[in-house]
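Take a look at the letters that make up each chain.
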Amino acid sequence: MFLRINRLQIELPQPKEASPDAAAAVQELLGGRFGEMSTLMNYMYQSFNFRQRDKLKPYYDLIANIATEELGHIELVAATINLLLQGATSDGDPVSAPLSPGVHARNTRHFIETAQTAVVANSMGKGWSGDYVFNSGNLVLDLLHNFFLECGARTQKIRVYEMTNDPVAREMIGYLLVRGGVHALAYAKALETVTGVDVKKMLPIPDVPNSKFPEARRYEERGFHRFLYRFSLEDYKDISKLWTGEHPDDGQPLEVKDGPPEGGEVPVLPNVEEEFAPGVNFATLNEIAKKILS
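Below you will find a few notes about this structure. Just so it is clear, the model here is predicted, and its values are computed rather than measured.

### With respect to the packing of helix H3 (residues 36-48) against helix H6 (residues 139-163)
At a closest axis distance of 10 Å, the pairing of H3 and H6 adopts a crossing angle of 170 degrees. Of the possible angle classes, the one that applies to H3 and H6 is roughly antiparallel. Relative to H6, the crossing made by H3 is left-handed. Between H3 and H6, the residues in contact are Glu-36, Ser-38, Thr-39, Asn-42, Tyr-43 and Gln-46 and Asp-142, His-145, Asn-146, Leu-149, Glu-150 and Lys-157, respectively. Classifying every residue of the contact of H3 with H6 by side-chain character gives 2 nonpolar, 6 polar and 4 charged.

### Examining the layout of surface pockets
If you add up the space inside the largest pocket, you get close to 950 Å³. Along its surface, the largest pocket is lined by 30 residues, and Phe-2, Leu-3, Arg-4, Thr-68 and Phe-231 are the ones closest to its centre. Counting only elements with at least two residues in the lining of the largest pocket, the list comes to H3 and helix H4 (57-85). Among the elements that make up the lining of the largest pocket, the one with the highest residue count is H4 (7 residues). Grouping the constituent residues of the lining of the largest pocket by class yields 15 nonpolar, 7 polar and 8 charged. Estimated volume of the second largest pocket: approximately 310 Å³. Residue lining of the second largest pocket: 25 residues in total, with Arg-154, Gly-181, Pro-204, Asn-210 and Asp-249 positioned closest to the centre. Mapped by element, the contributors of at least two residues to the lining of the second largest pocket are H6 and helix H7 (167-195). Per element, the largest residue contribution to the lining of the second largest pocket is 8 residues, and it comes from H7. Along the lines of polarity and charge, the residues of the lining of the second largest pocket split into 13 nonpolar, 6 polar and 6 charged.

### A closer look at the environment of Asp-21
Residue position: Asp-21 is located in helix H1 (residues 20-26). Relative accessible area serves as the criterion here: at 41%, Asp-21 is assigned to the partly exposed category. Along the primary structure Asp-21 and Leu-254 are separated by 233 residues, whereas in three dimensions their C-alpha atoms are 38 Å apart. Beyond its immediate stretch of four places on either side in the chain, Asp-21 contacts Ala-105 and Arg-106. A polar side-chain atom of Asp-21 sits 3.3 Å from the main-chain amide nitrogen of Arg-106.

### Quick notes on the pattern of salt bridges
Tallied over the full model, the rule gives 16 salt bridges. Between Glu-265 and Arg-7 there is a salt bridge; the shortest N-O distance is 3.1 Å. With Glu-265 in the loop between strand E2 (255-258) and helix H9 (282-293) and Arg-7 in the segment before H1, this residue pair connects regions lying 258 residues apart in the sequence. The class for Glu-265 is partly exposed, based on a relative accessible area of 48%. Between Glu-192 and Lys-200 there is a salt bridge, with its nearest N and O atoms 3.0 Å apart. Given the relative accessible area of 27%, Glu-192 is considered partly exposed. Salt bridges sharing partners connect three or more residues here, namely Lys-57, Asp-61, Asp-238 and Lys-241.

What counts as what
- Residues numbered from 1 in each chain as written.
- Predicted model: local features only at pLDDT ≥ 70, side-chain atom pairs only at ≥ 80, totals over all residues.
- Heavy atoms only, no water.
- Axes fitted to C-alpha atoms, helices over the stretch in contact; angles between N-to-C directions.
- Helix = DSSP H or I, 4+ residues; strand = E, 2+ residues; numbered from the N terminus.
- Parallel < 35°, antiparallel > 145°, perpendicular 65-115°, else oblique.
- Left-handed = near helix turned anticlockwise from the far one by under 90°.
- Contact = heavy atoms within 4.5 Å.
- Nonpolar A, V, L, I, M, F, W, Y, C, P; charged D, E, K, R; others polar.
- 1 Å grid on protein atoms, 1.4 Å probe; cavity = no way out; pocket = protein on both sides within 12 Å on 5 of 7 lines; lining within 4 Å.
- Points joined across faces, edges and corners; volume = space filled by probe spheres on them.
- Buried < 20%, exposed > 50% of the residue type's maximum accessible area, 1.4 Å probe, protein only.
- Polar contact = N/O pair within 3.5 Å; in protein donor to acceptor, adjacent residues only side chain to side chain.
- Salt bridge = Lys/Arg side-chain N within 4 Å of Asp/Glu carboxyl O.

So this is what it looks like as C-alpha cells:
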C-alpha cells in the first residue's frame, strides 16, 4: 500500500508567462518511452512480480523503493506542465474563440482534452503504453534494463533542457537529472554485486556531468546526488546493503535518508472559465452546503 504526502519533491518557481510549446516538450518526460511513467511502471511491476524476495531482499527493496520515488516524479513533471500552460488563454464569450491560442500550440490535446493540464502522453500527443514495461523475471536482465532506462531518460531530459530556457522546466529537469543519476548508480551498484562487473564506470551517459547544468549543480551542492531516500515508514531498509560506499564523482559518502525529501508546495491551479474548469458555481455550492449542515 502507499502513503501519499501532499507535497512536491521540490519547490517549483512560479511561471512568468505561459509556454505551451515548452509544456509539449516536457510531456515527453512524462509519457514518452523513457518518461517518468515508464520508470514508475517498469519498477512497480518488477516489484509486484519479484521472485524469492525473501532471499534477494536488498534487490527487491531497491526496486520497490525507487518505484515509490517515481510516483513523486510523475507528480512533479505533471505540475511543471500545468504551470507552463497557466495563462495560455483568457476568458471570453465562446463565440469570440477564447481558446484560439490552442490552435497554434504543438499539443492541442492540452486545450481540447484536459483543460490545459498534463496528459498521459508523449511530446507528440501519443498516449503512454504498457508495452513500454519490461519485466523478464530475470534479476540481472531487469536490473540491466533499469540501468539502460535511467540512461535513456537522462539523455532525453538533457535534450528537453536544451530546447527551452523556461525556469520552471529547467528547475524540474535539474532536479530529475540528479535523482535519475542516483537511480542509475544504484542499479549499477546492484549489478556489480550480482555479476562482478563495474557498471558504474559507464556513467554518466551521455558523457556530460550534472555540474554543467546550474539547476542540477545546486542540488548536487546540497548532497542530493548522494542520498537514496527510503520512501516507507518501516520497510525497504535493506537498500543500505547496496547503497553504500562513496560517490564515484566526488568521493563523498553515500547515505540512505529515512523518509522523503522536505519538498515544496503543490501549485494551486486557478479556474479556467473558457475551459469550463472546474465548472463549479461556488455561490450555489455554498448554499447547498449550508442546507446540508443545517
